[in-house]
Amino acid sequence: MPDQEWVKTFADGKKVQYIYQELPEDGAYLSAQIAGHEVVYSVILERAGNPLSREEVESHFHSELSNHGELLN
């Protein structure tokens, strides 16, 4: 799954845009942004274990989004 971008809609109607880009030497850039918000959560993984599934990418941000009251499953 090289370089992908998608939007997931949660049960509460909030939409989150995810980006996954494979980097050299098994690295990966991941980001998540809630629709209508300026804040972007991002991480660079040095040893990602590419390719990552959408579920694996989304799981990297679940706690951040939940901790900030952004995601209500």
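Here, the structure is the one placed above.
Here the structure is a predicted model, which means the values were calculated and not measured.

A.B. asks: Go over the sheet that holds strand β1 (residues 4-9), please, and point to the residues and values.
C.D. replies: Spatially, the four strands line up as an open sheet ordered β1-β2-β3-β4, and their pairing is antiparallel. The open sheet terminates on both sides in strands that have one partner only, identified here as β1 and β4 (40-45). Strand-to-strand twist in this sheet, taken as the mean axis angle between neighbours without regard to direction, amounts to 15 degrees.

A.B. asks: Can you lay out the pattern of salt bridges for me, pointing to particular residues and giving the numbers?
C.D. replies: On inspection of all chains with the given rule, the structure shows one salt bridge. We note a salt bridge from Lys8 to Glu58, for which the minimum N-O separation is 3.0 Å. One end of the pair, Lys8, is in strand β1; the other, Glu58, is in helix α1 (residues 54-67), and 50 residues separate them in sequence.

A.B. asks: Please set out the packing of aromatic side chains residue by residue, giving values where relevant.
C.D. replies: Inspection of every chain in the model, using the stated rule, returns two aromatic pairs. With a centroid separation of 5.6 Å and an interplanar angle of 25 degrees, the aromatic rings of Trp6 and Tyr18 are classed as stacked. Linking Trp6 in strand β1 with Tyr18 in strand β2 (residues 15-23), this pair joins segments that are 12 residues apart in sequence. Judged on exposure class, the residue Trp6 and its partner Tyr18 are both buried. Taking the centre distance of 6.4 Å and the plane angle of 45 degrees together, the rings of Tyr18 and Phe61 count as tilted. In this pair, Tyr18 sits in strand β2 while Phe61 sits in helix α1, placing the two residues 43 residues apart along the sequence. Of the two residues, Tyr18 and Phe61, both sit in the buried class. An aromatic cluster of three or more residues is present, and its members are Trp6, Tyr18 and Phe61.

A.B. asks: Tell me about the pairing of β2, and name the residues and values.
C.D. replies: Of the strand pairs in this sheet, β1 and β2 are connected by six bridges, and their pairing is antiparallel. Bridge pairing in β2 places Glu5 opposite Ile19. In sequence, β1 turns back onto β2 through a hairpin of five residues, with Gly13 there showing a positive phi of about 90 degrees.

A.B. asks: Report on unusual backbone geometry, specifying residues and quantitative values.
C.D. replies: Each neighbour pair has its own omega, and for Asn50 with Pro51 the value is 0 degrees, a cis peptide bond. Here Pro51 lies in the loop between β4 and α1. Notably, Glu25 is not glycine yet its phi reads approximately 60 degrees, a positive angle. Looking at the element boundaries, Glu25 is found in the loop between β2 and β3 (27-34). One non-glycine residue, Asp26, lies in the positive phi region at around 70 degrees. Structurally, the position occupied by Asp26 is in the loop between β2 and β3.

What counts and how
Every chain is numbered independently, its residues counted from 1 as its sequence is written. Confidence filtering applies because this is a predicted model: local features only for residues at pLDDT of at least 70, side-chain atom pairs given and counted only at 80 or more, and all residues used for totals across whole chains, interfaces and linings. To obtain the side-chain values, all non-hydrogen atoms of the structure were used and water was disregarded. By definition, two strands form a pair when at least two bridges between them are found by DSSP. Numbered from the N terminus, helices here are DSSP runs of H or I no shorter than four residues, and strands are runs of E no shorter than two. Between N-to-C directions, angles span 0 to 180 degrees; the directions come from axes that are lines fitted to C-alpha atoms, helices contributing only their stretch in contact. When a carboxyl oxygen of Asp or Glu lies within 4 Å of a side-chain nitrogen of Lys or Arg, that pair is called a salt bridge. Stacked, tilted and edge-to-face are the three classes applied to pairs of Phe, Tyr and Trp rings, where Trp contributes its six-membered ring and a pair requires centres within 6.5 Å; stacked means planes under 30 degrees apart, edge-to-face means over 60, and tilted covers the rest. Under the scheme applied here, a residue whose accessible area is under 20% of the maximum for its type counts as buried, over 50% as exposed, and between as partly exposed, the area being computed with a 1.4 Å probe on protein chains only.

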